[in-house]
Structure formats: structure tokens, C-alpha cells
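# Working through the structure, step by step
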Amino acid sequence: MKLGAGAMATGFSATAAAAASPMASSATVEQWGVFEASAQGPSSGNPFVDVTFGARFALGHRIVEVAGFYDGNGVYKVRFSPDAPGSWSYETTSTVKELAGQSGTFECLPAHAANRGPVHTAHAFHFQHADGTPYFPFGTTCYSYGFIGEPYQRETLENLKKAGFNKVRMCLLPKSLGSIQPVAMPFEKSTAVTRPEDLSDGGKTGERFDLARLNPAYFQHFERCVQDLLAADIQADVILFHPYDAWGFKAMPPAADDRYLRYAIARLSAYRNVWWSVANEYDLVRTKTMKDWDRFFRIITECDPHSRLRSIHYSRVLYDYTRPWCTHASLQTYDFEKSAERLAAWNKPILYDEIQYEGNIARRWGNLSPEEMTYRFWRAVVNGVYATHGETYASTDGSPAWSDAGQLHGASPARITFLRRLLEKSGTTGLMASADPYYLNAGNPGQLYLWFFDYHCVGEYEFPLPPRVSFKATFIDPWAMTTEPVPGLFSGKSKLTLSGKPYRAVLFEKV
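Residues numbered from 1 in each chain as written. Predicted model: local features only at pLDDT ≥ 70, side-chain atom pairs only at ≥ 80, totals over all residues. Heavy atoms only, no water.

## A look at the overall build of the protein chain
What the protein chain contains, in helices and strands, is eight helices and 33 strands. Its C-alpha radius of gyration of 24 Å places the protein chain within 12% of the 24 Å reference for a compact globule of 511 residues. With the C-alpha coordinates aligned to their principal axes, the bounding extent of the protein chain is approximately 80 × 55 × 40 Å. A total of 511 residues make up the protein chain; the buried ones form 59% of that total. Partitioning the contacts of the protein chain with sequence separation of at least 6, the portion at a separation of at least 24 is 68%. Accessible surface, the protein chain: about 20700 Å² in total, of which carbon and sulfur atoms supply 51%. (Helix = DSSP H or I, 4+ residues; strand = E, 2+ residues; numbered from the N terminus. Rg over C-alpha atoms; globule rule 2.2 N^0.38 Å. Buried < 20%, exposed > 50% of the residue type's maximum accessible area, 1.4 Å probe, protein only. Contact = heavy atoms within 4.5 Å. Areas by Shrake-Rupley, 256 points an atom, 1.4 Å probe, with all protein chains shown as cover.)

## Overview of the sheet that holds strand β26 (residues 432-433)
On the basis of which strands lie adjacent, the open sheet formed by six strands has the order β26-β27-β28-β33-β30-β31 and antiparallel pairing. Two strands in the sheet have a free side with no partner beyond their single neighbour: β26 and β31 (482-490). Bridge count for strand β30 (residues 471-477) against β31 is six bridges, and the pairing is antiparallel. Of the residues in β31, the one forming a bridge with Phe 475 is Glu 484. (Pairing = 2+ DSSP bridges.)

## What about helix α5 (residues 290-303)?
For α5, with 14 residues, the first-to-last C-alpha span of 20 Å sits near the 20 Å given by 1.5 Å per residue. Within α5, the full set of buried residues consists of Asp 292, Trp 293, Asp 294, Arg 295, Phe 296, Phe 297, Ile 299 and Ile 300. (Expected span 1.5 Å × (residues − 1).)

## Things to note about the pattern of salt bridges
Summed over all chains, the structure comprises 30 salt bridges. One salt bridge connects Glu 36 with Lys 77, and the closest N-O pair in it is separated by 3.5 Å. Remark: Lys 77 occurs in strand β7 (residues 75-80) and Glu 36 occurs in strand β3 (residues 34-40); sequence separation between them is 41 residues. Its relative accessible area of 4% is what places Lys 77 among the buried residues. (Salt bridge = Lys/Arg side-chain N within 4 Å of Asp/Glu carboxyl O.)

## Some thoughts on the pairing of β30
Taken across its seven residues, β30 has five buried, putting it largely inside the fold. A loop of four residues connects β30 with β31, the two strands running antiparallel in sequence, and Met 481 in this loop sits at a positive phi of about 60°. Inspection of the sheet shows β30 paired to strand β33 (residues 505-510) by six bridges, in the antiparallel sense. Paired with Thr 474 across the two strands is Leu 507, which belongs to β33.

## A word on the confidence of the model for the protein chain
Averaged over every residue, the pLDDT of the protein chain is 93; the share at 70 or more is 93%. Below a pLDDT of 50 lies the segment residues 1-10, which in the model reaches 30 contacts outside its immediate sequence neighbourhood of four places, other chains included. (pLDDT = per-residue confidence, 0-100.)

## Side note on the sheet that holds strand β11 (residues 126-129)
The strand order across the open sheet formed by three strands is β10-β11-β12, and the pairing between neighbours is antiparallel. Edge strands, defined here as strands with exactly one partner in the open sheet, are β10 (119-122) and β12 (134-135).

## Remarks on the packing of aromatic side chains
What the rule picks out here adds up to 52 aromatic pairs. Ring centres 5.8 Å apart and planes at 70° place the aromatic pair Phe 48 and Tyr 263 in the edge-to-face group. Separated by 215 residues along the polypeptide, Phe 48 in helix α1 (residues 47-50) and Tyr 263 in helix α4 (residues 254-268) bring together distant segments of the chain. Taking relative accessible area as the criterion, Tyr 263 reaches 7% and is therefore assigned buried. Taken together through their ring pairs, the aromatic side chains of Phe 241, Tyr 260, Tyr 282, Trp 293, Phe 296, Phe 297, Tyr 319, Tyr 321, Trp 325 and Trp 346 make up a single cluster. One cation-aromatic arrangement involves Lys 167 over Trp 275; the distance from NZ or CZ to the ring centre is 5.2 Å. If you follow Arg 376 out to its NZ or CZ, it ends over the ring of Tyr 334, 3.8 Å from the centre. (Phe/Tyr/Trp six-rings, centres within 6.5 Å; stacked < 30°, edge-to-face > 60°. Lys NZ or Arg CZ within 6 Å of the ring centre and 35° of its normal.)

## Let's talk about the environment of Gln 447
On the secondary structure map, Gln 447 appears in the loop between β27 (441-444) and β28 (448-452). On the basis of relative accessibility, which here comes to 42%, the residue Gln 447 falls in the partly exposed class. As a C-alpha pair, Gln 447 and Phe 80 span 367 residues in sequence and 40 Å in three-dimensional space. Setting aside residues up to four positions removed in sequence, Gln 447 forms contacts with Phe 471, Phe 508, Glu 509 and Lys 510.

## Points about α4
Look at α4: 21 Å from first C-alpha to last across 15 residues, which is about the 21 Å you get at 1.5 Å a residue. Of all 15 residues that make up α4, twelve are buried, and the element is covered over most of its length. Listed in full, the buried residues belonging to α4 are Ala 256, Asp 257, Asp 258, Arg 259, Tyr 260, Leu 261, Tyr 263, Ala 264, Ile 265, Ala 266, Arg 267 and Leu 268.

## Section: the nonpolar core
Counting 136 residues, the largest nonpolar core has Phe 57, Leu 240, Phe 241 and Tyr 260 as its most contacted members. Ranked by residue count, the leading element in this core is α4, at eight residues. Formed by 17 residues, the second largest nonpolar core is a distinct cluster that contains Val 458, Tyr 461, Ala 473 and Val 506. (Core = buried A, V, L, I, M, F, W, Y, C linked by side-chain atoms within 4.5 Å.)

## Considerations on the packing of helix α3 (residues 216-231) against α4
The geometry of α3 relative to α4 is characterised by a closest axis approach of 11 Å and an angle of 45° between their N-to-C directions. As far as their axial angle goes, α4 and α3 are oblique. Like other packed secondary-structure pairs, α3 and α4 cross with a definite hand, here right-handed. Every residue of α4 that contacts α3 at Pro 216, Phe 219, Gln 220, Phe 222, Glu 223 and Val 226 is listed here: Tyr 260, Tyr 263, Arg 267 and Leu 268. (Axes fitted to C-alpha atoms, helices over the stretch in contact; angles between N-to-C directions. Parallel < 35°, antiparallel > 145°, perpendicular 65-115°, else oblique. Left-handed = near helix turned anticlockwise from the far one by under 90°.)

## Brief notes about the environment of Asp 257
As for its position among the elements, Asp 257 is in helix α4. Once the C-alpha coordinates of Asp 257 and Phe 296 are considered, the two residues, 39 residues apart in sequence, prove to be 8.6 Å apart. Excluding its chain neighbours within four sequence positions, the residues that come into contact with Asp 257 are Phe 241, Met 252, Lys 288, Arg 295 and Phe 296.

## A short note on the pairing of β11
Bridging between β10 and β11 involves four bridges; their strand directions are antiparallel. The partner of Ala 122 across the bridge, within β11, is His 126. If you look at the hairpin formed by β10 and β11, you'll find three residues sitting between the two strands, and His 123 has a positive phi there, around 55°. Judged from the two bridges that link them, β11 and β12 form a sheet pairing that is antiparallel. Pairing of Gln 128 across the sheet is with Pro 134, part of β12. Connecting the antiparallel pair β11 and β12 is a turn made up of four residues, with Gly 132 showing a positive phi of about 95°.

Shown next, in the form of C-alpha cells:
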């Protein structure tokens, strides 16, 4: 398949686009879109090491320094996502004379209605788009989507759109997929007898990689996947390091780690749907120390001019999420009852990014029933936090499980999206869990309350609503995905007759 060679330029050129749209005029770019400038420069030697390239973007008295990257074939690029309308100017910077001092202007236009801007944290424990629209992360896991190739890449995107997930966790570095090979490798293969930064895969394939030379084709393919997600209004939670590769990339020396990290930031951070996950199961990457992980966070905060969301995921050793460079916590557990304690300690949003997997494989973490996966999402929401879906149904034809890419088979995604839609329609900016509840519930005081009865078979309950405020009530069946309005209005202590069945919910909304 064609991976693309990038835009070729003679001299200097600039293009602008709202990243989910076709390339627009070079004179305009949409707010939170992507402006790209490219220049032709040296291709001899090692451009990844020998040449630096970037640009200074200015709006009035404001100046933003943005690092560029080498895109192969003598092409150098810099990408920037303007966050404010107006007349921007820019001037390139470089250690190479012919690449420095190129300048131009572009007009940043207000965002169109479907472009709500990047996602940031808001209201202490929740998220919202830059335009103020609340964002509720109801995501899934497709580790290999960015490098697996066809037909699985297309299948993944189609299934993501149908399922209604609005975030996907995906690895930037390749991971082993058995007989399925990645579309390319992130580094050039080494043909020399030995080089200081060569990496051997330990004899598994006999391949060696020159870590001083990244492979632009690999990253071009990955960023097209990010662009496809953006067009589908799906956030890309990009996992930068992981312990699953078969080539030794988890054991790169510090200089190679840092070069790869800066290159990834320069290429990807302008896309408004990108989040950074420094690692998946960081504590299983035995070649790195806590100082390494902290250094990676510092590099991201220093080099990302767009300040995308940042976190790190663990296996058993909890990371210190009080660190200021973590915008939110990314957990591998499902003990939602501890959420209040964690929210108080960390004072930032929590995503339970791995709550085990719906599926049927032999491993205990990979065979949840679809009902249990659904109810874990409800437990998360009524504890004031968020959860992420995963699926591992075994295939009989050699195709990958959904947790890598491909076809989605489970029954929980539709129920998860049903819950997401309930929150989006409710008008809440994010639910806060009730302190010491008799039955699990969360809400916004005086405005909205959501009870989830979990495994309790409650036939009647007196709900402790605020006095002097009128609420309408709705019965909810999370598995059947049905809602039933309750006749009348309710205020103060209000007794309702319930179904007596487990896993039911009741929503109260102020009228």
C-alpha cells in the first residue's frame, strides 16, 4: 500500500487546513485547525540529527515557538494549530541558512459549528472542549490501529464510528501481532556492520534499526489514522511507550528515546484530537526508571506548544498523579469505590482506562460478560469518574482482537453509548458522587441526580431530594437501553415503587 511521501516543495510553501477537511487556501486556516509550512532543504548526512527546523508564530504581541520535523526526501515541515482568530504571521528558524528566515502570514477564521476545539480539563474533575462544550470520555482500546494496515485499519474506523466511542487508546510504537506485520517500522533498518545507535531485536528476526534515523513513512501512516479519527470526532489517546514490542524499542537509549519523543510531538501535537499517554503499563518497561518517565513528561510539557492532555498508565505500581505535568489520572483497576479518596488526593479527573475486557479468552482479565462491562461504566459514572472499554474475543481466522484493531463483536458498546447520550442530553458538565451514599448516586446539587442500584433488587425507595425544588423522574434500564418517564413531580423525600430488578437506574432532573 502507498504510505505517502509527504508534500514535496521547491523552496518554501505553506498550506492550511481544518485537519478533518480537505486542504484549504494557504491564506486561511480555521481556529484549532492545522497550519503547515514546508521547505526544501538538505537530505544528505542525517537530517534528523544535523538539522533543526521550526517557526515562530505571532498574533499581536503573542509569540509561539514551534518545533518542526524532517519528513523525508529533503522536505522539512512545521505544524501549528492557532487557538485564536486573527492575522497570524510566522518566520522559520533553522541551523541551516536556506531554511531560516522564511516568513509569511495567514488569517485564522472562527471555528465552524462542528469544530469545538481540543479537549481540556474543567470543573476540577471533568472535561470540556475549548468552546465550553462538555466532553464525557467514553472510549475504547485499539492498540494497533495506527500501524496495522488494511483491511483492519478500515474495519477499525468503521466500527468505531458505528459503536459511538469518542476516544481511542492507540500505540505509536508497533507491538507484536503474531503473523500480522506492521505497515512499516518507525526507524530505518541498519545495513552497516555496527553503529553507535543501532538496535538489534535480540535475534528474533535478525533485523537491526538505526535509531538516529526515523522513518517518515511510518509516521505519515499513523497521522493519517489520527486525521481519520478527527474527521469522526474521536479523540486519539496516543500511547508513546509500551512493553509489548518484539524489536527492542522499549530498550532504546535515552538519546534515541528523547529524539523519538520530540519528533512525535512535532508531527502530531497540532491535531486537536491528540492526547498524550506517556506509557501503557509503564512499570512493565524494565529498561526505564522513574527518572526516565519524569523526563519524558518534562519533554512533552516543554516541547508541546498546544499543551495537549497528558497522563501515564500502569500495571501494578501506581504513578504519582499529583505531579503537575499529569492533567488526569489513567488507571488500571475497577475499584471505583476508592474514587472519592483519589479525587480528593489528586484534584484532577480520573479515567479508569483499563477495567478488564469483554471477551472469552482464557486470561482472567479478558473474559468479562457484556453485562459486567456495561455495569462497570455505570459504577464509574455514579462515582464521579470515567471508564474505558476493551474487548478480547478470540478469533478463529487469525484476525486480531478488537483490543488491537479490526472487528468489534461485543454487546456492551451500544449500552455504553446509551449512557454517554444520557449524560450529554442531561445538560450536566459532569457528575459529582454523593458523599457516603446509601445507594450509589451522583449529580449536580439542586439540578440533577442519577441513582444506580447495581446488584440490589430494590422494590421501593424513598429518595432524599432537596426540598422546595421540583424534579421530574425517569426510570432507566441500562441493559435494555430504555427510559420511562415517571408521572408527576417530586420534591424532598420522595418514595417511588421500583422494578425490584437489579442494575436499574433512576434520573431526577430539575424542572
